Amino acid sequence: SNQNVGKCPVGLDNKEANFGGGGTKNNDWWPNDLKLNILRQHTAQSNPFGETFNYAEAFKTIDYQGLKNDLKTLMTDSQDFWPADFGHYGGFFIRMSWHSAGTYRVGDGRGGGGQGQQRFAPLNSWPDNANLDKARRLLLPIKLKYGNKLSWADLFLLTGNVALEDMGFKTFGFAGGRPDTYEADESVYWGGETTWLGNDVRYSQGHPGMAEHGVLDGDKSKKDHTDIHSRDLEEPLGASHMGLIYVNPEGPDGIPDAAASAQDIRTTFGRMAMNDEETAALIVGGHTFGKTHGAAPTETVGKEPNAGDIHQQGFGWANTYKDGKGPNAITSGLEVTWTSTPTKWSNHYLEYLYKYEWEKEKSPAGANQWVAKTDDEIIPHAFDKNKKQKPRMLTTDIALRVDPAYEKITRRWLEHPKELEDAFARAWFKLLHRDMGPRTRWVGPEIPREVSIWEDPVPEVDHELVTESDITSLKKELLASGIEPATLITTAWGAAASFRGSDKRGGANGARIRLEPQKNWAVNQPKELEKTLAAIEKVQSNFNKGSKKVSIADLIVLGGTAAVEKAAGVSVKFTPGRTDATQEQTDAQSFTHLQPFTDGFRNFGTSTARVRTEQWLVDKAHLLTLSSPELVVLLGGLRTLNANWDHSSHGVLTKNPGKLSNDFFVNLLDTNLAWKPSDETNEFFEGFNHKTGDKWTGTRHDLVIGSHPELRAIAEVYASADNKERFTKDFVSAWTKVMDLDRFDVK
Ligand code: HEB
């Protein structure tokens, strides 16, 4: 039924079609071309609400209790198109929520449930998300009823929470406020593989998958598969295979080795910001509910939604095995029900995990799974009240018993179920909210009072804010503090530009640039930073002697802003109200993920094994939520401000360093200027202007502005004779934008 997939109905291949964006494109001709598309995603062009709609405000007015009641009713309101196992959709919906949030990864803060991306490819079609198209469709009436006040993003996560509550589990709370996006998020690197469930690329830098170690073909000459313990998953990926949220349930690369599987679990859940205890709690808690689906061999299952036929209306995985649903459903191809009460919270999962010994078996679909060595038939059948079965587990479940660290934790919970409840409630809440950013973004009546360390909390403002005249005198003092203006600028930039729009962590608020680990990052030049901070602290202590107070965080930003103002000759907006976090309020380990490998704006860093310098630049700009004009104007402007991280003159294409001007663009575009690589790394360049005699040096960060056609087109605008004012205005507004990226308290 799917032989038409990818083919044009009138016989033309898509690439030949010359309407609606068809045809062979730049991306086909030059696959390695630098792409800027991620800098123009999710604009008013794709969003039916345009620019002005404030979703969080809308959510505040929702009938929250009514919504929760509707969700509870739906839990047991089995629908013919996809009947509920055991008469309750709870397990199914928990899986939907978990898969929504579980794509989050600490490395770049991308993925996660914050934008409703499960509606779009590739996630809507990932093998691991099989049949969740039905879960989302079950929610459609509720989405349409609550409309603008309820995003899909919030709905996916709230539904899992309500499912837990309806099955007798007390959750830690819930916060709404996640606005939907209306196009696929292209910024997430899911891996380099071209096949579903492949993992040939993500491990090729370190240790490869098990197949290459000879485990699959029994080739003893290859390394032993215990080597998997050291296999090295590419950053920032969070899953062991393309198209999985985390790990293969059958074991690494499908091999039912529970101990090796524990290693993959530890790595991938670690990338999800979960420690051993949180990881075990999530798996135990989650698999207390529901079942897996593998009624028969998977050959009868059709294409995923994104490859489906037009008449399927967004549904995929059509299954022709009998009626293809209910007892005949095929999702993962595994056929396991963990507990005797799959629609009620209990400690049965751990009770059975330890009560029984387990042996390998094949599911009806031929997948590796485990069955208890017992005659106890205590597990209900999802649709036949008269049928009973033996307890079963996945390889990844057995991992919680065979791995010594997980075993210690789970045995404790076996004896102390209350501790499991507490751990699962907290880990589940963290899973759903980890990428929401500060509490000031959270809305709804169920926000927990207790503040968790992973929120990166900052203290509340407990003092009157500085006035305009205070600001004026503080600026003078900062500029007279003995710190170079360029250093005030790089310090403010270093603080503010640690922000990532992906998970809304980092930023200047909290002044965490003073704390571990940020104060020791190479990009922040630790020795110089210490001196700068000491000078700023002096300004603070002078000021705070009076009746008023100012925070270091505000002063760091104000110092940079004062220096920009002086260099630009125009006034630059400053919004006070930041506060200073303590080291105790800072999870130093989790902040290591924010450390930049490169920062093109400060001309820091070069290509890494798989990412070219200029790709890092675009990536950084994306994390700073910059458009391509903002990228260009900031980079060029900062060069004339002499704001390189190491005070080098790379890209400082001006005779007046320290004065804000469009000289960078004017000189870069001068046709008399010729560049050549200054060494074999192809990272550093020397330029000679044979007309003026000027000699410059530059990096790939600088030269890409002149070589990439779209960046160059923007540079031409800022180099134009009539655009000096526009340049200054755009630079200043981009600067202010970066300084205030984390100011959700005033947005
Ligand atoms: Fe899970 C289901 C795997 C974790 C929750 N899971 C499931 C399945 C599988 C899995 C394969 C089946 C699907 C079908 O349907 O067929 N998981 C898994 C793995 C892991 C996990 C491998 C890692 C180790 N889970 C998890 C978590 C959670 C969960 C963490 C939460 C928290 N799941 C779940 C649920 C279910 C599942 C609830 C059921 C669903 C239904 O019922 O439908």
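Note that residues are indexed from 1 along each chain, following the sequence as it is written. Under the rules for a predicted model, residues below a pLDDT of 70 receive no local features and side-chain atom pairs below 80 are neither given nor counted, while totals for whole chains, interfaces and linings still include all residues. Side-chain metrics rest on all non-hydrogen atoms present in the structure, leaving aside hydrogens and water.

J.: Could you give an account of the coordination of the iron atom of the ligand, naming the residues involved and the relevant values?
T.: Perfect tetrahedral coordination of a metal by four donors corresponds to 109.5 degrees between them, and perfect octahedral coordination by six donors corresponds to 90 or 180 degrees. The sole protein-derived ligand of the iron atom of the ligand is His287 (NE2), positioned 2.0 Å away. Looking at where His287 falls in the secondary structure, it is placed in the loop between helix H9 (276-286) and helix H10 (348-355). Excluding water, the donors of a metal are its N, O and S neighbours within 2.8 Å, or within 3.2 Å for Na, K and Ca, and that exclusion means sites may look incomplete. The secondary structure listing takes helices from DSSP runs of H or I that are at least 4 residues long and strands from runs of E that are at least 2 residues long, numbered from the N terminus.

J.: Break down the site of the ligand for me, with residues and values.
T.: Here a residue counts as near a molecule or strand whenever at least one of its heavy atoms sits within 4 Å of it. Near the ligand, the surroundings consist of 27 residues, among which Leu282, His287, Lys291, His293 and Ser332 are the closest. One of the side-chain nitrogen or oxygen atoms of His287 is found 2.8 Å away from a nitrogen atom of the ligand. We define a polar contact as two N or O atoms separated by no more than 3.5 Å, with the added condition that, inside protein, one atom must be a possible hydrogen donor and the other a possible acceptor, whereas residues neighbouring each other in sequence contribute only through side-chain atom pairs. Here an oxygen atom of the ligand sits 2.5 Å away from a polar atom, N or O, in the side chain of His293. When residues of the shell around the ligand are traced back to their parent elements, those giving at least two are helix H4 (90-101), helix H8 (258-271), H9 and helix H13 (417-433).

J.: Outline the sheet that holds strand S8 (residues 695-699), supporting the account with residue identities and numerical values.
T.: When DSSP locates at least two bridges between a pair of strands, those strands are taken to pair. The three strands lie next to each other as S6-S7-S8, forming an open sheet whose pairing is antiparallel. A strand with exactly one partner marks an edge of an open sheet, and here the two such strands are strand S6 (673-677) and S8. The average undirected angle you get between the axes of adjacent strands in this sheet is 25°. Relative to strand S7 (residues 684-689), S6 runs antiparallel, the two sharing five bridges. Of the residues in S7, the one forming a bridge with Trp675 is Gly687. Contact criterion: two residues are considered in contact whenever any of their non-hydrogen atoms come within 4.5 Å of each other. Axis angles are defined between N-to-C directions and span 0 to 180 degrees, where every axis is a line fitted to C-alpha atoms and, for a helix, only to the segment in contact. Against the sheet, helix H22 (residues 700-707) makes contact with S6, S7 and S8, and its axis sits at roughly 100° relative to S8, the strand it touches most.

J.: Please set out the packing of aromatic side chains residue by residue, giving values where relevant.
T.: Here the distance between the centres and the angle between the planes together describe a pair of aromatic rings. In this analysis, rings of Phe, Tyr and Trp, with Trp reduced to its six-membered ring, are considered paired at centre separations within 6.5 Å, and the interplanar angle assigns stacked below 30 degrees, edge-to-face beyond 60, and tilted for intermediate values. Taken as a whole and judged by the stated rule, the model has 34 aromatic pairs. Considering the side-chain rings of Trp98 and Tyr246, the 4.6 Å spacing of their centres and the 25° angle between planes classify their relative orientation as stacked. On the criterion of sequence distance, the pair formed by Trp98 in helix H4 and Tyr246 in the loop between helix H7 (152-166) and H8 is long-range, its members being 148 residues apart. Accessibility assignment for this pair places Trp98 and Tyr246 in one class, buried. Connected via pairs of aromatic rings, a cluster forms that spans Phe169, Phe289, Trp345, Phe424 and Trp428. Taking the ring centre of Trp190 as reference, the NZ or CZ of Arg105 above it sits at 5.5 Å. One residue, Arg137, lies across the ring of Phe315, its end atom 4.0 Å from the ring centre. We call a residue buried when its accessible area falls under 20% of the maximum for its residue type, exposed when it is over 50%, and partly exposed in between, using a 1.4 Å probe and counting protein chains only. By the criterion adopted, a ring carries a charge over it if an Arg CZ or a Lys NZ lies within 6 Å of its centre and within 35 degrees of its normal.

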